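Structure at a glance
Residue-level listing of the chains:
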Amino acid sequence: MHRLALLRVNAVLAFLKLRAQVMARPVLVLGLLAWSGGAMAALAFPVALQGAWTDLSRSPVQAIERLPTTGGTFEHEATLLIARGGRYVIDFRHGAILGRFEHRLLDEQGRVVAQASGGLTSSDPGPFFLRHGREFELAPGHYRLLTRLESPYFITPPQPYVDTLDHYRQAIKPGNALTLLCLGVFIGLGVFYAVLAVARQRWTEGLYAAFIAGNLLYNASGLGVAHELLGIRWFHLSSAPILLSNMAYVGFVMALLRLRTTAPGLYRLGLVVLLVMASMAAVAVWWPNWAMELCRAGVGAFLAYGLAAGILRARAGDRLARSYLWANVGFAITGSVAITLGGMGELNTIVVEHVGLVAVTIEVLLLSLVLAFQFGEMQRATVQALARAQANLRLAHTDSLTGLPNRHAFTDGLRTLPAQASLTAIDLDGLKDYNDRHGHAQGDRLLRAFGAELARRLDDCAILHRLGGDEFAVIAPRGDSAAVEKAVSAAVQALRREGFVNAGASWGTAHLSEVASVDELHQLADSRMYEHKRQGRTGRSSSSNAASHVRVQ
């Protein structure tokens, strides 16, 4: 018991001595010691390194409070205390777009005990996927951390922080999963709309695919995917695609809402915005340190233009513009946050680039719904137009009086006759007499009655057409001429029973096998019909190629 009490007293004295050393100079304590149950334990990580920045780009060198987003060469110095030896990770919070960095850890004697480097332009392999984290094995003691940072620009000023290895490995998983998920959405939809643009030869889908492609390249570069998986170390891949995708988005809005024809004023404004954005891209070539700021301005410009165009066209009653406006409002909110966000607060492994990635993913998904709505509208319009065309086609191929297929349908049917087909030409005798004696209404009744009676008896074996006046024709695809002639005779008998006692019919049949062409087929059937009409014979011929005449007195 006395030994345990002595150990506890010594631990308390050691803690008080350590606290006095910390208060004596500006040191960032990374591991505070706490006594619990006779054991010492480190408090929770991660911890931000609140050191001092020095701008090495200026002459003379100057101390600064905050890194400018226009980049440069800087050095950060922080003093840290490791209370418990182990494996630690040093990374940057707030932003991931960093050109090149180098960490050097010095002990109390000023000797370099560990160093590591990396960045988007560095060829040094990183131990953590899609991260700038560097691992260090540290013994207990005081260290001075010197971080040199070179970058043409930043999306937001980064800040070093330290974490334990085990905690860091778990903490980076959600951010990495988010990155890969969103980039997968970009790839899938980008390929889909690119193929659709080529197939349909439309600017709307092509510009939308270009917008997606620009954001895919930017986020893949800024979040380390292009560096890690493809070995691409061109830093400006994290800005150039956005400058171009901003212009693609403005063009997409102009094409989607058909502003050239529906709103010429908005269309001309879009051309002005595109000209300004092209000027921004030219400025970024000459002053690359301002590229990220120009990207921000471009995003703000296309957000404002998209909202203005959507609101004005929606107020004009454009249904598509209303759908687009709802989709764009969500992107305008999250996108505005992404371009104005100066940091991520106490978050360490979720950076500003992740916020922008989520914002664009929301926009891409919502705009896909807008395009799906447009496709649906176009599909409905196409179906309606097709239905109208089919209805018009039926009208064009239908006799208005009898409802039978007309001469146009007859001509189309002759083009597709099989080799065994037959054609029967029919004249309805007595029509002129009914028209002259009883009026055209009675003559129309006779035509309708004859067409209905004969069509009902032919059933599926042949197709009855009214060619005009008192002329009818029957196409029998299987060559059932005997059945056709029997049906004609029966139809005439039915007319008599209905009161048309002076009506009759003459017919003549020809087979396709008898002639060289369908024109000759029709001529042959007509000649046989007129021959037997002149002869004035009654009854039916025994030959299938003969013509017949039936008159009911």
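What counts as what
- Residues numbered from 1 in each chain as written.
- Predicted model: local features only at pLDDT ≥ 70, side-chain atom pairs only at ≥ 80, totals over all residues.
- Heavy atoms only, no water.
- Helix = DSSP H or I, 4+ residues; strand = E, 2+ residues; numbered from the N terminus.
- Contact = heavy atoms within 4.5 Å.
- Expected span 1.5 Å × (residues − 1).
- Buried < 20%, exposed > 50% of the residue type's maximum accessible area, 1.4 Å probe, protein only.
- Arc of directions from axis to C-beta.
- Salt bridge = Lys/Arg side-chain N within 4 Å of Asp/Glu carboxyl O.
- Pairing = 2+ DSSP bridges.

**Side note on the environment of Pro288**
Among the secondary structure elements, Pro288 is positioned in the loop between α7 (264-286) and α8 (291-315). Apart from the residues within four sequence positions on either side, Pro288 is in contact with Tyr153 and His236.

**Regarding helix α15 (residues 518-535)**
Side chains of residues three or four places apart in an α-helix project in the same direction, reflecting 3.6 residues per turn. If you check α15, its first and last C-alpha atoms are 26 Å apart, about what 18 residues at 1.5 Å a residue would give, namely 26 Å. If you check which residues of α15 are buried, you get Leu521, His522, Ala525, Arg528, Met529 and His532. For α15, the arc enclosing every buried residue in end-on projection is 130°, short of the 170-degree limit, so these residues lie on one face. When the buried face of α15 is taken as reference, the exposed residues oriented beyond 90 degrees from it are Asp519, Gln523 and Arg534.

**Looking at the pattern of salt bridges**
Across all of its chains, the model carries 23 salt bridges by this definition. Between Lys432 and Asp436 there is a salt bridge, and its shortest N-O distance comes to 2.9 Å. With Lys432 and Asp436 both in helix α12 (residues 431-438), this residue pair falls four residues apart, about one helical turn. Overall, the relative accessible area of 61% leaves Lys432 in the exposed class. Members of the salt-bridge network, linked through shared partners, are Arg87, Glu135 and Glu137.

**Brief notes about the pairing of strand β11 (residues 134-138)**
Side chains of β11 alternate between two faces, with Arg134, Phe136 and Leu138 buried and Glu135 and Glu137 left unburied. Pairing of strand β8 (residues 86-93) with β11, which is carried by five bridges, proceeds in the antiparallel orientation. Looking across to β11, one finds that Tyr88 is bridged to Phe136.

**Focus: the pairing of strand β9 (residues 100-106)**
With seven bridges connecting them, β9 and strand β12 (residues 141-151) associate as antiparallel partners. Each residue of the ladder has a partner; that of Phe101, found in β12, is Leu149. As judged from the six bridges shared by β9 and strand β10 (residues 112-118), these two strands associate in the antiparallel manner. Along β10, the bridge assignment pairs Phe101 with Gly118. In this structure, the hairpin formed by β9 and β10 is closed by a connection of five residues, where Gly110 is found at a positive phi of approximately 85°.

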